[in-house]
Each structure stands twice: as C-alpha cells, then as structure tokens.
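A closer look at the structure
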Amino acid sequence: MSVCVVIPAAGSGTRLGEPVPKAFVDLGGATILQACVAGVVASGVAERIVVVVPADLVDAAHDLVPDAIVVPGGAHRSDSVRAGLSAAGDADIVLVHDAARPLTPPDVFRRVVDAVDAGHPAVVPGLPVADTLKEVRADGSADPIPVVRTVDREVLRAIQTPQGFTVAALTRAHADDAGLATDDAGLAERCGIPVHVVAGDPLAMKITTGWDLRIARGVLAERRAQAERAEVAEELR
Ligand code: C5P
C-alpha cells in the first residue's frame, strides 16, 4: 500500500498573534512546518509528502522542506486539502495531517495507516475527554451562559490528525463538501462512509494559541536536551 501524507499548512493562524502564518513560526531551531514534516519522515509511513501553503510562500516552503512536494492552498481548509489530494500521485492511502500538530509521535501515524490497511476506509486518532462537558445555550450574548445539560463524556472522543483514508473515500468525501465540516472525517461521515477511531496521543496537540506554542517549544527544547545528554553519555562510554 502506497501512502501519501498531505499537510495542510495554508492557514493564517491569526489566533497565535505571530507576524507570520502559523506553519512558518519558529519552534526554536525549526519552523512548525519543518518539525511537522520531520515527524512524518520519522514515522516511515509516507512514500510521498505533499505540503499545502499560502500561494506567496510556495518558494519559501520549498527551501524549508526540500523533500516534500509543495502546492498552493485555498481560502478554506477543505480547498487546501483538495489541492493536496490532487498532488497525491498514485497513492492508495492518503493521510491528512494538520501542520499545526508538529509533535505527533510516529506511532500515531502507524496506527492510522494499519487500520486503513486492515480495511477501514476512514480512520481518525482520538483521545477520551477528561473534562466534564456541558451543552450551553450559546445563541445569545448572555453572560453567564445558561447550561442546557451535561453530556455523557464516555461516548465522546477529541479527534486529532493524521486522519487516514483510502483515496476513493477521501475523494468522495470532498466531492460532497458543503463547507461546514471542521475535519475531513466529518465530510466522510456525511456521505455515509464509516469512520473509526484509533488511539491518539496528547503530543498530537494542535498549536492554536500562544500558550500551545509555549508548550510545543518546551517539549522540543526538552527533546533536544535529552538528545544532547545521550550524545555526551555515548562519548563518555
Ligand atoms: O484553522 P485551523 O487551525 O483549523 O487549521 C488547521 C490546519 O489547516 C492548519 O495546519 C492550517 O494551516 C490549515 N489550513 C489550510 N488552508 C486554509 C485554512 C487552514 O491549509 N485555508
């Protein structure tokens, strides 16, 4: 089975409050995009990596991730995914993986690919929800907001990426795009394609806010320090 990983990275990421689009923000020695591609390469699953970036940053992205195919994205995330899918070549399986999740461990990629390979057309990584969840009446400007009910969290999962699909399933899901889904699996569900969840990982967290960025920089700094300590220990042996 040939696997292509499509990395949508064409968002502006304004919630981060940084002067460059999110994927081009530095994590301390590497941009979010570079760290994300390095994670995909480390997983060993991908024959082809397609990165989707804002049109004016295609050349810059080429320089940052020379091993990936770079294509320009669109106005909405789903437009960017379709642009990436059209560059997937003759892949059998496509993984769509947000650039905003650069710390995703290799095992998550493998679990998703294995489940698609085993015959599931759409597979997403997910985590149980730790907080109590309440539905609120969010249609007005009331503050405090009235609670409608408490939701049973046992049947809920917080969904991450990479989301894996057979090429046929992803193509069909995006052909029916009404522009409302917040992820690719949501589009698949809407056209009746069964979606299955495998175990996600807290490290597959999405960088959305400045706080997330601080956490990601801290994790990478810790990894680098660990690698340096291991190198020194090896030299002393
Ligand atoms: O905005 P959000 O954080 O949900 O975006 C998820 C991913 O989709 C990000 O990696 C972002 O760069 C990408 N995206 C894109 N094209 C857009 C909007 C978002 O590739 N037009």
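Higher on the page you've got the structure.
Let us look at the structure shown here. (Residues numbered from 1 in each chain as written. Predicted model: local features only at pLDDT ≥ 70, side-chain atom pairs only at ≥ 80, totals over all residues. Heavy atoms only, no water.)

Judged by nonpolar contacts, the single largest core of 30 residues is most densely connected at Ile7, Leu33, Val51, Val53 and Leu95. For this core, the element with the most residues is helix α4 (residues 106–117), which contributes five residues. Setting aside anything within four residues of it in sequence, one finds valine 53 in contact with Ala9, Ala10, Phe24, Leu33, Val58, Ala61, Val70, Val71, Pro72 and Gly73. Counting 24 residues, the second-largest nonpolar core is a separate cluster that includes Val50, Leu85, Ala122 and Cys191. (Core = buried A, V, L, I, M, F, W, Y, C linked by side-chain atoms within 4.5 Å. Buried < 20%, exposed > 50% of the residue type's maximum accessible area, 1.4 Å probe, protein only. Helix = DSSP H or I, 4+ residues; strand = E, 2+ residues; numbered from the N terminus. Contact = heavy atoms within 4.5 Å.)

Inspection of the region around the ligand gives 15 residues, with Pro8, Ala10, Gly11, Gly74 and Ser80 positioned closest. Here an oxygen atom of the ligand sits 3.3 Å away from a polar atom, N or O, in the main chain of alanine 9. Interatomic distance of 2.8 Å between a backbone N/O atom of alanine 10 and an oxygen atom of the ligand. Contact with the protein chains covers 83% of the free accessible surface of the ligand, which is 460 Å². By residue class, the composition of the shell around the ligand is six nonpolar, four polar and five charged. (Near = heavy atom within 4 Å. Polar contact = N/O pair within 3.5 Å; in protein donor to acceptor, adjacent residues only side chain to side chain. Areas by Shrake-Rupley, 256 points an atom, 1.4 Å probe, with all protein chains shown as cover. Nonpolar A, V, L, I, M, F, W, Y, C, P; charged D, E, K, R; others polar.)

So, on to the pattern of salt bridges. Where charged atoms from two side chains of opposite charge come close, those side chains can pair. Enumeration according to the criterion identifies six salt bridges in this entry. For arginine 77, the salt bridge goes to aspartate 184, with nearest N and O atoms at 3.0 Å. Highlighted residues: arginine 77 in helix α3 (residues 77–85) and aspartate 184 in helix α6 (residues 184–190), separated in sequence by 107 residues. Classification of aspartate 184 by relative accessible area gives buried; the value is 1%. (Salt bridge = Lys/Arg side-chain N within 4 Å of Asp/Glu carboxyl O.)

All right, on to the environment of proline 102 then. Within the fold, proline 102 resides in the loop between β4 (93–96) and α4. In sequence terms proline 102 and threonine 31 are 71 residues apart; their C-alpha atoms lie 9.3 Å from each other. When neighbours within four sequence positions are excluded, proline 102 is seen to be in contact with Leu27, Ile32, Ala35, Cys36 and Ile207.

Of note, the bond from aspartate 143 into proline 144 is cis; its omega dihedral lies within 30 degrees of zero at 5°. Examined against the element boundaries, proline 144 turns out to sit in the loop between β6 (133–136) and β7 (147–151). The linkage connecting threonine 161 with the following residue, proline 162, adopts the cis geometry, with an omega of 10°. Mapped onto the elements, proline 162 comes out in the loop between β8 (157–159) and β9 (163–166).

Turning to the packing of helix α1 (residues 32–43) against α4, a few remarks are in order. Contact geometry for α1 and α4: axes closest at 8 Å, N-to-C directions at 60°. Taken together, the axis directions place α1 and α4 in an arrangement best described as oblique. Considering the relative orientation of α1 and α4, their crossing is right-handed. Between α1 and α4, the residues in contact are Gly39, Val40, Ala42 and Ser43 and Pro106, Phe109 and Arg110, respectively. (Axes fitted to C-alpha atoms, helices over the stretch in contact; angles between N-to-C directions. Parallel < 35°, antiparallel > 145°, perpendicular 65-115°, else oblique. Left-handed = near helix turned anticlockwise from the far one by under 90°.)

Here we come to the pairing of strand β1 (residues 3–8). Burial of β1 is extensive: six of the six residues sit out of reach of the surface. Alternating residues of β1 divide into Val3, Val5 and Ile7 and Cys4, Val6 and Pro8, and every residue in both groups is buried. Strand direction decides the pairing type here: β1 and β4, joined by four bridges, are parallel. In the sheet register, cysteine 4 faces β4, and the bridge partner there is valine 94. With five bridges connecting them, β1 and strand β2 (residues 48–53) associate as parallel partners. (Pairing = 2+ DSSP bridges.)

Taken together, Val136, Ile145 and Val147 make up a surface patch of nonpolar side chains, about 230 Å² in accessible area. The partly exposed category is assigned to valine 136, whose relative accessible area is 34%. (Patch = residues over 30% accessible without salt bridge, like charges linked within 9 Å, V, L, I, M, F, W, Y side chains within 5 Å.)

At their nearest, the axes of α3 and helix α5 (residues 167–175) sit 11 Å apart, and the two run at 140° to each other. Judged by the sense of rotation from one axis to the other, the crossing of α3 with α5 is left-handed. Contacts between α3 and α5 involve Ser78, Val81, Arg82 and Leu85 from the first element and Leu170, Thr171 and His174 from the second. Tallied by class, the residues present in the contact of α3 with α5 amount to three nonpolar, three polar and one charged.

Keep in mind that these numbers describe shape and distance, not what the molecule does.
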